[in-house]
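# Breakdown of the fold
Given next are the chains, with one letter for each unit.
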Amino acid sequence: MTSVPLPPLSAALAQYRPSAAATLRFRTPSSAPGVSASSSTRARRFSVIASAREMPWPHVLTVAGSDSSAGAGIQADIKACAALGAYCSSVITAVTAQNTVGVQGIHAVPEKFVGEQLRSVLSDMSVDVVKTGMLPSAGVVKVLCESLRKFPVKALVVDPVMVSTSGDTLSGPSTLATYRDELFSMADIVTPNVKEASKLLGDVSLHTISDMCNAAESIYKLGPKYVLVKGGDMPDSSDAIDVLFDGKEFTELRGLRIKTRNTHGTGCTLASCIAAELAKGATMLHAVQAAKKFVESALYHSKDLVIGNGPQGPFDHHFELKSPSYKMGSLQKFNPDDLFLYAVTDSGMNKKWGRSIKDAVKAAIEGGATIVQLREKDAETREFLEAAKACVEICKSSGVPLLINDRVDVALACDADGVHVGQSDMPAWEVRRLLGPGKIIGVSCKTPAQAEQAWKDGADYIGCGGVFPTTTKANNPTLGFEGLRTVCLASKLPVVAIGGINAGNAGSVMELGLPNLKGVAVVSALFDRERVAAETRNLRSILMKNAYSRS
Ligand SMILES: Nc1ncnc2c1ncn2[C@@H]1O[C@H](COP(=O)(O)OP(=O)(O)O)[C@@H](O)[C@H]1O
Ligand SMILES: Cc1ncc(COP(=O)(O)O)c(N)n1
Ligand SMILES: [Mg+2]
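Here the residue numbering is sequential within each chain, running from 1 through the sequence in written order. Chains carry letters and ligands carry numbers; both start at the beginning, A for chains and 1 for ligands, and go up in the order they are written. A pLDDT threshold of at least 70 governs which residues receive local features in this predicted model, and a stricter bar of 80 or more applies before side-chain atom pairs are shown or counted, although totals over entire chains, interfaces and linings include all residues. The basis for the side-chain values is all heavy atoms of the structure; hydrogens and waters are excluded.

Here is the rule we go by: UniProt positions are given in the numbering used here, feature names are shortened, and annotations may be inferred rather than shown by experiment.
By the naming in an unreviewed UniProt entry, the protein chain is Phosphomethylpyrimidine kinase/thiamin-phosphate pyrophosphorylase, taken from Zea mays. The UniProt entry for the protein chain carries this comment under Cofactor (unreviewed entry): "Mg(2+)". Listed in UniProt under the heading Sequence similarities (unreviewed entry), the comment for the protein chain reads: "Belongs to the thiamine-phosphate synthase family."

## Quick notes on the overall build of the protein chain
Worth spelling out the cut-off: Numbering of helices and strands runs from the N terminus, with a helix taken as a DSSP run of H or I at least four residues long and a strand as a DSSP run of E at least two residues long. In this scheme, a residue with accessible area under 20% of its type's maximum is buried, one over 50% is exposed, and one in between is partly exposed, where area comes from a 1.4 Å probe on protein chains only. By definition in these notes, contact holds between two residues if any of their heavy atoms fall within 4.5 Å. Each accessible area is a Shrake-Rupley result for a 1.4 Å probe, and residues are judged covered by the shown protein chains and nothing else.
Helix and strand content of the protein chain: 21 helices and 18 strands. Buried positions account for 54% of the 551 residues belonging to the protein chain. Counting only contacts in the protein chain whose residues sit at least 6 apart along the sequence, the fraction spanning at least 24 positions is 70%. Total accessible area on the protein chain is roughly 23400 Å²; 54% of this is exposed by carbon and sulfur atoms.

## Describing the confidence of the model for the protein chain
Caution is warranted with low-pLDDT regions, since their predicted coordinates should not be read in detail. How we decide: The predictor attaches a confidence to each residue, and that confidence, scored 0 to 100, is pLDDT.
Averaged over every residue, the pLDDT of the protein chain is 87; residues scoring 70 or more account for 87%. Every residue in residues 6-54 scores below 50 in pLDDT, and together they form 80 contacts with partners more than four places removed in sequence or on other chains. The complex model carries a pTM of 0.63, and its ipTM stands at 0.95.

## So, the site of ligand 2
Definition in use: Proximity is defined per residue: if any heavy atom of the residue lies within 4 Å of a molecule or strand, that residue is considered near it. For the purposes of these results, a polar contact is taken to be a pair of N or O atoms within 3.5 Å, where, inside protein, one atom must be able to donate a hydrogen and its partner to accept one; residues adjacent in sequence count only when each atom of the pair is a side-chain atom. Classification used: nonpolar for Ala, Val, Leu, Ile, Met, Phe, Trp, Tyr, Cys and Pro, charged for Asp, Glu, Lys and Arg, polar for all others including Gly.
In the vicinity of ligand 2 lie 16 residues, with Gln98, Thr165, Gly265, Gly267 and Cys268 positioned nearest. The side chain of glutamine 98 places a nitrogen or oxygen atom 2.7 Å from a nitrogen atom of ligand 2. Within the backbone of cysteine 268, one N or O atom sits 3.1 Å away from an oxygen atom of ligand 2. The residue makeup of the shell around ligand 2, split by class, is five nonpolar, 11 polar and no charged.

## Side note on the pattern of salt bridges
Heads up, the condition is: Should a side-chain nitrogen of Lys or Arg be within 4 Å of a carboxyl oxygen of Asp or Glu, the pair is scored as a salt bridge.
What the rule picks out here adds up to 21 salt bridges. Measuring nitrogen to oxygen at the nearest pair gives 2.7 Å for the salt bridge that ties aspartate 528 to lysine 352. On the criterion of sequence distance, the pair formed by aspartate 528 in the loop between helix H20 (524-527) and helix H21 (532-550) and lysine 352 in helix H12 (residues 347-352) is long-range, its members being 176 residues apart. Residue classification places aspartate 528 among the partly exposed residues on the basis of a relative accessible area of 23%. Between glutamate 452 and lysine 492 there is a salt bridge, with its nearest N and O atoms 2.8 Å apart. Of this pair, glutamate 452 sits in helix H17 (residues 448-456) while lysine 492 sits in the loop between helix H18 (480-490) and strand S17 (495-498); the two residues are 40 residues apart in sequence, bridging distant segments of the chain. Overall, lysine 492 belongs to the partly exposed group, its relative accessible area being 42%. Ionic contacts of the salt-bridge type, sharing partners, join the residues Asp239, Glu252, Arg254 and Arg433 into one network.

## Focus on the site of ligand 1
Surrounding ligand 1, one finds 16 residues, the nearest of these being Lys230, Gly232, Asp242, Ile258 and Gly267. A distance of 2.9 Å is found between an oxygen atom of ligand 1 and a side-chain nitrogen or oxygen belonging to lysine 292. Starting from 550 Å² of accessible surface for ligand 1 in isolation, the protein chains cover 95%.

## What about the pairing of S17?
Quick reminder of the rule: In this description, strands pair whenever DSSP reports at least two bridges between them.
Bridging between strand S16 (residues 461-465) and S17 involves four bridges; their strand directions are parallel. Bridged to isoleucine 462 within S17 is valine 495. Where S17 meets strand S18 (residues 517-522), four bridges bridge the pair, whose relative direction is parallel. Within S18, the residue paired with isoleucine 498 across the bridge is alanine 521.

Spelled out as structure tokens, the structure:
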């Protein structure tokens, strides 16, 4: 089984942003020669409408029940899609009287009227993905299947909602057979929780990951392309583990288990996020990972919310709107463009030139470094921590992220922006566990396999090198341009090139034109010099020239 801890918050947030296709961009019309001013204005107006039509918004249709407390159901689906940049239309199958205590009543919408709503939406709007939640009767499941046959969509996400997190029944046993016989074979993914998986398989008991895998395999035989058995309600588990099965391979998706009462609507949100990501064009594994990361982050940010008096509260789908980075205009903790000029300090060089770490960092920032890593291999811990704390202050005030090489403890103690690890340091997934979802993690990689692992482990970027021979790192094989190209092409993450890079050769590295190669990391070319700020400024202007000539 492949074990896949989740990509970090920043990586996931990057996916939450509306994709280019989702952003309505208005093209300036090219008016034909001889067209009068007023008709050109008209032409512009038409062109705006036309180009808006050409740029469809990723569209999810949720077919689900209304939750009066707005934590789950239709309300959760719309909030989740909005947070991830997808449009969400809604066909309501039932209205529930529900709160944080439980479900007090259910009023099913007549099957015929569910069909009418489906026709209204599907015949008019270009829906990319249909996501189903509460389908209260076998009749509604049948009506949905008929509509989907008539109006096919790109993907179908089936959350077989039967029992709410509060334990209330939302869809009776009569629907089970129709789910199994008709809907599942049309589904791209089915996402039962453990209780639902058990019911679908005739009340088998599920206690372990291996039980979840067996259940996923059995449900897969009913026809969907993927099965995700969700482990939110698995007792005695310190992690929140879900199992994805694609017919060949099991992938264990492991996330932090957030200690909170606010888990009402986690299942609805997860399925809607998967649908939104698929609508934006993600692969299934990416969609599931991003969705799980979103739920984890939302729970984390809402863990202390108190809404309602019952045991199960709702969580905040729009937690990003409250984050300071959002208010400062940036949704992401990590911006891959920050890798542009990556300054890595070296204790030996600082000593040689009689500089403190703090002065070295100040000078690099003054010269225009866009991210800084403290790589102090020989420093005493106490002394290093003091210096790191001072550097955090300097970097914060300049808006430059500060990473710590290898020392997760120091990064935690000084509240750095993240950690960079090598292949023999702590594994990135373990670092993620310790740092939480919001920090930046970088991993040094020399091979496509290492790059793949870094992505699976939840890293934000990889450092690839040595591109040229270097004296900074002993016994460091040189990859050359070919090695760098191979790793970049294989990497799903942004890459920064490292190893022997200086003002003389940085341009040639960037000229490789690899789309995910975001910048260069330098040690000696900045710090084994007398004037750090001037060297940084010089390198920056070389990189800028290269960037402009390529754009
Ligand atoms: N306390 C928690 N911390 C982190 N993730 C959770 C927590 N509870 C549930 N999840 C995640 O939320 C998603 C929905 O799972 P689950 O709650 O099992 O589904 P449902 O809401 O359908 O019962 C899964 O990805 C699960 O791992
Ligand atoms: C209308 C409606 N639909 C679905 C759920 C499931 O909620 P959860 O996501 O917590 O399992 C619910 N409680 N109410
Ligand atoms: Mg739940």
